[in-house]
Amino acid sequence: MRKTFVVLLVTGLTVSAAACTDARRARNAATFGDKPADITCWTYGTETFAGRSTGKVEYNDGGRIAFVDAANGRYTTIDGECRVVYLADGDEAAKAAVAPGEAGGPVAPPPAVPEA
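Scoring rules and cut-offs
Residues numbered from 1 in each chain as written. Predicted model: local features only at pLDDT ≥ 70, side-chain atom pairs only at ≥ 80, totals over all residues. Heavy atoms only, no water. Phe/Tyr/Trp six-rings, centres within 6.5 Å; stacked < 30°, edge-to-face > 60°. Helix = DSSP H or I, 4+ residues; strand = E, 2+ residues; numbered from the N terminus. Buried < 20%, exposed > 50% of the residue type's maximum accessible area, 1.4 Å probe, protein only. Salt bridge = Lys/Arg side-chain N within 4 Å of Asp/Glu carboxyl O. Contact = heavy atoms within 4.5 Å. Pairing = 2+ DSSP bridges. Axes fitted to C-alpha atoms, helices over the stretch in contact; angles between N-to-C directions. Polar contact = N/O pair within 3.5 Å; in protein donor to acceptor, adjacent residues only side chain to side chain.

**Things to note about the packing of aromatic side chains**
- What the rule picks out here adds up to 1 aromatic pair.
- With 5.6 Å between their ring centres and 55° between their planes, F49 and F67 make a pair best called tilted. Placement of F49 in strand β2 (residues 46-52) and of F67 in strand β4 (residues 64-68) is noted, with a sequence separation of 18 residues between them. Summarising the burial analysis for this pair, F49 and F67 share the class buried.

Right, here's the structure in full:
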């Protein structure tokens, strides 16, 4: 009797854990689908990556993002503080017309303030 209870408990916990993961993936897929995104990442106030994904960006609980880089077609993972901006339909043409630093264009973050 006790062995049956333990087996059912472990099975229930496994199914529950998988359901949470599946629910999170389904929510992200429904929200963003396979839309491309502009991604900019910084480490200690220094820009370490600026580019675009070919599709959906996946997020890890540890702060890591993963995506396929549109520039080279490679699967890329990045740790750090990242800003991910999903593009709406028709935004790609508008983004191409705006140069960096112009009104509406990408702007670098302010320099990091050293701690005392």
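The rest of the description comes next.
**What about the pattern of salt bridges?**
- As enumerated under the stated definition, the model contains 2 salt bridges in all.
- As a salt-bridge pair, D38 and R52 come within 2.9 Å of each other at their nearest N and O atoms. Remark: R52 occurs in strand β2 and D38 occurs in strand β1 (residues 37-43); sequence separation between them is 14 residues.

**A look at the environment of G51**
- Along the polypeptide, G51 turns up in strand β2.
- Given the relative accessible area of 26%, G51 is considered partly exposed.
- As for G51 and T40, which are separated by 11 residues in sequence, their C-alpha atoms are 6.6 Å apart.
- Among residues more than four places away in sequence, those in contact with G51 are A37, D38 and I39.

**Comments concerning the sheet that holds β1**
- Read across the sheet, 3 strands follow the order β2-β1-β6 without closing on themselves; strand pairing throughout is antiparallel. The open sheet is flanked by β2 and β6 (81-86), the only strands paired with a single partner. Taken over all neighbouring pairs, the strand axes of this sheet differ in orientation by 10° on average, direction set aside.
- One ladder, built from 6 bridges, connects β1 with β2; its direction is antiparallel.

**Focus: the sheet that holds β4**
- Overall, antiparallel pairing links the 3 strands, which are arranged β3-β4-β5 in an open sheet. A strand with exactly one partner marks an edge of an open sheet, and here the two such strands are β3 (58-59) and β5 (75-79).
- As judged from the 5 bridges shared by β4 and β5, these two strands associate in the antiparallel manner. When the sheet's bridge partners are listed, F67 is paired in β5 with T76.

**So, the environment of N60**
- Relative to the helices and strands, N60 is located in the loop between β3 and β4.
- For N60, a relative accessible area of 44% puts it in the partly exposed group.
- A sequence separation of 19 residues divides N60 from D79, and the C-alpha atoms of the two residues are 9.6 Å apart.
- Separated by 2.6 Å, the side chain of N60 and the backbone nitrogen of G62 make a polar contact.

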